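Breakdown of the fold
The residues making up each chain are set out below.
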Amino acid sequence: MKSHPPNQELRVARVTGLDDYLRCVEIEKQVWGYHDLADVAPLSLLSIVNRTGGLLLGAYAKNAGLIGFVFGLLAEHRGRFIHHSHMLAVLPAYRNRGVGRRLKQAQRRYVRRQGLDLITWTFDPLQALNAHFGINKLGATVARYEVNVYGASSSPLHAGLPTDRFLAEWLVADEALRTRRRRKPPRAREEFQSWPLINETTLERSGWRRTAVPQLGLRQAHLRFEISANIEALKQADLALALDWQEKVRRTFTTYFRRGYRVTDFQIDGHGDNARAFYVLTMGEPSR
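Predicted, not measured: the structure shown is a model, and the values here were computed from it. (Residues numbered from 1 in each chain as written. Predicted model: local features only at pLDDT ≥ 70, side-chain atom pairs only at ≥ 80, totals over all residues. Heavy atoms only, no water.)

Right, let's talk about the overall build of the protein for a bit. When helices and strands are counted, the protein shows eight helices and 12 strands. Burial statistics for the protein: of 288 residues in total, 48% are counted as buried. Pairs at least 24 residues apart make up 69% of the contacts formed inside the protein by residues separated by at least 6 positions. Only carbon and sulfur atoms are counted for the fraction: they give 51% of the accessible area of the protein, which is about 14100 Å². (Helix = DSSP H or I, 4+ residues; strand = E, 2+ residues; numbered from the N terminus. Buried < 20%, exposed > 50% of the residue type's maximum accessible area, 1.4 Å probe, protein only. Contact = heavy atoms within 4.5 Å. Areas by Shrake-Rupley, 256 points an atom, 1.4 Å probe, with all protein chains shown as cover.)

Take the pairing of strand β12 (residues 276–283) next. A large share of β12 lies buried, amounting to six of its eight residues. Here strand β10 (residues 222–227) runs beside β12; their pairing, made up of six bridges, is antiparallel. From the neighbouring strand, Glu226 faces β12, where its bridge partner is Phe278. Summarising the sheet, strand β11 (residues 261–269) and β12 pair through eight bridges and their orientation is antiparallel. By the bridge assignment for β12, Asp265 is matched with Val280. Counting the residues that bridge the hairpin from β11 to β12 gives six residues, and of these Gly270 lies at a positive phi of roughly 85 degrees. (Pairing = 2+ DSSP bridges.)

Moving on, we come to the side chain of Thr141. Looking at the element boundaries, Thr141 is found in strand β6 (residues 141–146). Relative accessible area serves as the criterion here: at 7%, Thr141 is assigned to the buried category. Among the polar contacts made by the side chain of Thr141, one reaches the side chain of Arg262 at a distance of 2.8 Å. (Polar contact = N/O pair within 3.5 Å; in protein donor to acceptor, adjacent residues only side chain to side chain.)

So, on to the pattern of salt bridges. In this structure the tally under the stated criterion is 13 salt bridges. As a salt-bridge pair, Lys29 and Glu26 come within 3.7 Å of each other at their nearest N and O atoms. Separated by three residues within a single helix, Lys29 and Glu26 lie in helix α1 (residues 18–32), roughly one turn from each other. For Lys29, a relative accessible area of 29% puts it in the partly exposed group. (Salt bridge = Lys/Arg side-chain N within 4 Å of Asp/Glu carboxyl O.)

Counted by the stated rule, this structure contains 12 aromatic pairs. With centroids separated by 5.4 Å and ring planes inclined at 70 degrees, the aromatic side chains of Phe225 and Phe253 adopt a geometry described as edge-to-face. Residue Phe225 is found in strand β10, and its partner Phe253 is found in helix α8 (residues 239–258); the two are separated by 28 residues along the sequence. Both residues of the pair, Phe225 and Phe253, belong to the buried class. Here Lys104 stacks its cationic end above the ring of Trp121, 4.0 Å away from the centre of that ring. Lying across the ring of Phe278, Arg224 places its NZ or CZ 5.1 Å from the centre. (Phe/Tyr/Trp six-rings, centres within 6.5 Å; stacked < 30°, edge-to-face > 60°. Lys NZ or Arg CZ within 6 Å of the ring centre and 35° of its normal.)

Let us now look at the side chain of Asp269. Within the secondary structure, Asp269 sits in strand β11. Under the relative-accessibility criterion, Asp269 is labelled buried at 13%. One polar contact links Asp269 to Gln267, side chain to side chain, over a distance of 3.0 Å.

With that settled, the discussion passes to the nonpolar core. Counting residues in each nonpolar core, the largest one holds 38 residues, and the members touching the most others are Phe123, Phe166, Ile227, Phe253, Val263, Tyr279 and Leu281. Top element by residues in this core is α8. It accounts for seven residues. In this structure, Val25, Ile27, Met87 and Ala106 belong to the second largest nonpolar core, which totals 32 residues. (Core = buried A, V, L, I, M, F, W, Y, C linked by side-chain atoms within 4.5 Å.)

For Asn63, which is not glycine, the phi dihedral falls at a positive 70 degrees. Secondary-structure assignment places Asn63 in the loop between β2 (55–61) and β3 (65–77).

Take a nonpolar patch on the surface next. Together, Leu45, Ile48 and Leu73 line one region of the surface with nonpolar side chains, adding up to about 200 Å² of accessible area. In this fold, Ile48 is placed in the loop between α2 (43–46) and β2. (Patch = residues over 30% accessible without salt bridge, like charges linked within 9 Å, V, L, I, M, F, W, Y side chains within 5 Å.)

Dropping the structure here:
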C-alpha cells in the first residue's frame, strides 16, 4: 500500500516544465476517466496559463512528484474581473489527506496577490462530497444553476446525466471570509431541522430514496432541500431514478435562485448507507 506524505512533506507551487504539464494531463485522465481527448484540458493550454493571468498550481509529494493540481483562468463575473477555477484534481491514492484544501488555500493567496477578491467554480449539485468541501470547508455560496454546461462527457463519473452545475462563489479577501464566518455560526442539528423542507423523500424497497415533487412556493428565510447522498452509486443502480433526482434539483434551484435565495450551508446527517444530505437556502444573503 502506498504511504501518504504528512502535510509538511507536501509542497504547493506553480507548475512549470513540459514533464509536469504532461503529468497534469495524465492526472486528468486518471481522476475523471476521460477517454475522449475533447474533454481534457490540453498541454498547449496548461503550458501558457501561468504566463497569461491564470494559475496552474501543483501539489508535490516527497518521493512521488506531482500528485494533484488546481487550474484556473482570469474571468469576468457581474462586471468585474475574478478568477474562475476550472479544475481541481488529486490522485485517488492521495485523497482525504487535505491535499485539495491545501491547493485551494494556495490558489486563494495567489489570487489575492493579483488584487482579485472572488474565485468561482462549477460543481455537480448532486455530488454531496463536493458540496461539503466547497460550502462547509471553504465557505463558498451558490446562487446560479447552469444546465448541461459541458454537454455529453466521456467521464464515467458524468455518464448518463446532463452536466448540470452549480456556480460556486468564494469571496477570498480576509475581511470577506471573517464576515462570512460571523454570518454562518455553527448550527445545531435541531435548528436545521426546524427549517421548512422543500422536498419530502421516501425510502424505497430498493434502499434508495426518492424525492416527491418539490414545493416551489415557500417564502421562509431559511429552507432545506434534500439530495441523494450517493449519486454515483445510484446512477449505477437506477439511472432513471438518478435522472428524476436531477430534474427535481434543476427545477427547484432555478426557481429559488430567481427569487433571491442563495445556498449558504450544507448538512450531512448520519454515516455510510444511512447518510442524508441537505442544502440550506437563505433569502437575501449578499454575494459580496
